[in-house]
Every structure is written in structure tokens, then in C-alpha cells.
Amino acid sequence: MIGETVGKYQVLAELGSGAMANVYKVEEQPSKAQFAMKVLHPFLNESKSIVERFRRESKVIAALRHDHIVKFIDYVEEGETFAFIMELIDAPTLEEILIDTERVPEKFAVSLIIQLCSALQLAHSFHIIHRDIKPSNIFVAQGRGVILTDFGFAKPLFGTALTVDGAKLMGTPFYMSPEQVTGEPTDPRTDVYQTGLLLYQLVTGRVPFANKSTFEAITARTKEQPEFTAEDKILISEELVRRVLKATEVAPAARYQSAQEMGDDVELLHHSKRSTIS
């Protein structure tokens, strides 16, 4: 698509590619302002459920105005092209940061999780749950901090999951909650669980259940929580370990009951562990 024009946006370069869509750097004409454009793969256009999911994602982002959520700009349907326009983020993803640093300082992790919980609480107030919290869906920008993206798995709290050929689109295997694995209803506590797994990865440098096969890792979370090694317990404060375990309880009723509750509890650590993220 490089060089083509979609609506009033000229495609300049490809930024990334996924199973369902490509993301491009585009320039609006005639303003020359630059944005990111997410384009559904053409071979998926015939699936009504996927097209509806794509439209839903654009509507979700458009509704959520928050410093720590990617900003929606426009939506375009032109011929066989389905696309929406977002702000262009000139910053690394958390996944990229972790490749370089693995375990991050506790103060960094604490600040990041506070910001993420704030973004999730807004989404939950609109009855939207993200359901795919993971490092590749989070940018960390200097002067702004966390920016949550990719609401492709998001669903209305009181709605039903979209399906493709009858299979529920639930999330990314290593970051799924127990209820996503078992097919039980998801709610804001699903995002709390995934945020807890993310916090675990930030401070240990390991993907949760990393010592297991993909299948074992998926099923293990329905029975047990992520483990902290003896070395972890030396390097990580007992207070933070307790918060990770609270967020990743197998039973939703035993977790923090909202992103706000988790964010408030984690913020208690923030006063003694000032972060460089802003």
C-alpha cells in the first residue's frame, strides 16, 4: 500500500503487521500531518464478525479520551479497505524495552502500573474491558508515560464475545486470565489479572509460567499463581510481591475488584519509590 491514498491519507511506510491488520505511517492531505493507520487485511473482509470487531475497536478508542490511551483520529471505509486513524506514537513499546533490560527497576514498574490502572479504570467506566493487556500493546513515551493501544479484543461489559467461525476471540495465551481459559464470563477483574501478570513480568524479567509449555502455561493459571523464586524475593519488595499475588488470584472474587482499587494500592508504594516515568 506504500504510496497509495486511503481517503485523505497517503501511505508513507509500514510500521507493523499482525494477524488481522497492518499498521502504516500516513500523511493527511493537504495538512501534511502524520498519523498511524490500522488497515484490516483484505482477505478478512468477507468475515462479518471480524469486520464488526474492527469497527468496534475504532469506536472503543474514539470513546476513550485519556492521556494513557492511544488517541483516535478518524475512520475510513473505502471500497474494500477498512481502516482507522490514530495518533502516531514515537516511542518504544514495553515489549521492546523488556528485550533490552529484562527485569526493570521496581519504581519503574510501580509508576507504569499506576498509569495503566488509571487508563483501564476509564475504560471500565465506559463498560469496556480490554482483555489483552501485554507488553506489545503498551507504549512508554517520554513526557507522557504509558499509552495503551490495541483494543481488538475489547468487549462491552454487558455484551457477548465476538466469534470467528464459532471460536471465541479471547486473548493472548501467556497473558490470559483463568476465566478466559475456561470460557467463563469476563469482567474488569480480567484486566486486573492481566495487569498483575504484567507487573510480575516487569519485576522478575520472566513471562508468567515461562517454565511450562504453552498448553501447560494456559491450564496452570486455572489452578495456581505465578511463582517467585528465592532470588526474586531478595530483589523484589515483599509489599510488591503481595500486590502481584492479590491481582493474580485464580478466583476473580479474591482479586482486586477494580483497576481503581489495584492502582490505589500500588500507589501506596509510589511514595517511597519515585519513578522516572512521566
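Not measured: the values here are computed from a predicted model.

Reading the values: the criteria
Counting restarts for each chain, with residues numbered from 1 along the sequence as it is written. At least 70 in pLDDT is required for a residue's local features to be given in this predicted model, at least 80 for side-chain atom pairs to be given and counted, and no such filter applies to totals for whole chains, interfaces and linings, which use all residues. Hydrogens and water are ignored here; the side-chain numbers use all heavy atoms of the structure. When the centres of two rings from Phe, Tyr and Trp lie within 6.5 Å, Trp using its six-membered ring, the rings pair. Their planes under 30 degrees apart give stacked, over 60 give edge-to-face, and anything left gives tilted. Only DSSP runs of H or I with at least four residues qualify as helices, and only runs of E with at least two residues qualify as strands; both kinds are numbered from the N terminus onward. Type-normalised accessible area, obtained with a 1.4 Å probe on protein chains alone, sets the label of each residue: buried when under 20%, exposed when over 50%, and partly exposed for intermediate values. Our definition puts a charge over a ring when NZ of Lys or CZ of Arg is within 6 Å of the ring centre and also within 35 degrees of the ring normal. Put simply, a salt bridge is a Lys or Arg side-chain nitrogen that is within 4 Å of an Asp or Glu carboxyl oxygen.

Attention shifts here to the packing of aromatic side chains. In the structure shown here, the tally under the stated rule is three aromatic pairs. Each ring, one from Tyr 9 and one from Phe 35, has its centre 6.4 Å from the other, and the planes form 80°; the classification is edge-to-face. You can see Tyr 9 sitting in strand S2 (residues 9–17) and its partner Phe 35 sitting in strand S4 (residues 34–40), a full 26 residues away along the chain. Arranged with centres 5.1 Å apart and planes meeting at 70°, the rings of Tyr 200 and Phe 228 form a pair that is edge-to-face. Here Tyr 200 is found in helix H5 (residues 188–204), whereas its partner Phe 228 is found in the loop between helix H6 (214–220) and helix H7 (230–235), with 28 residues between them in sequence. Judged by relative accessible area, which is 3%, Tyr 200 ranks as buried. In this arrangement the basic side chain of Lys 246 is found over the ring face of Tyr 256, its NZ or CZ atom lying 6.0 Å from the centre.

What follows is about the environment of Val 250. Here Val 250 shows up in the loop between helix H8 (238–247) and helix H9 (259–270). Looking at Val 250, the relative accessible area reads 23%, which means it is partly exposed. In this structure the C-alpha to C-alpha distance between Val 250 and Ser 177, which are 73 residues apart in sequence, comes to 8.1 Å.

On to unusual backbone geometry, then. Among all residues save glycine, negative phi is the norm, and among peptide bonds the norm is trans. A cis amide bond, omega 5°, links Gln 29 with the succeeding residue Pro 30. Tracing the backbone shows Pro 30 in the loop between strand S3 (21–28) and S4. For Arg 131, which is not glycine, the phi torsion reads 70° and is therefore positive. Arg 131 gets classed as buried once you look at its relative accessible area, which sits at 3%. Its identity as a non-glycine residue notwithstanding, Phe 209 has a phi of 60°, on the positive side. With respect to the helices and strands, Phe 209 occurs in the loop between H5 and H6.

With that settled, the discussion passes to the pattern of salt bridges. Using the criterion set out here, one finds 14 salt bridges in the structure. Residue Glu 28 pairs with Lys 8 through a salt bridge whose shortest N-O separation is 3.0 Å. Here Glu 28 is found in strand S3, whereas its partner Lys 8 is found in the loop between strand S1 (5–6) and S2, with 20 residues between them in sequence. Given the relative accessible area of 15%, Glu 28 is considered buried. For Arg 255, the salt bridge is made with Glu 179, and the minimal N-O distance between the two is 2.8 Å. With Arg 255 in the loop between H8 and H9 and Glu 179 in helix H4 (residues 178–182), this pair connects stretches of sequence that are 76 residues apart. We classify Arg 255 as buried; its relative accessible area is 1%. Note on Glu 179: relative accessible area 3%, which makes it buried.

That is the geometry; function is a separate question.
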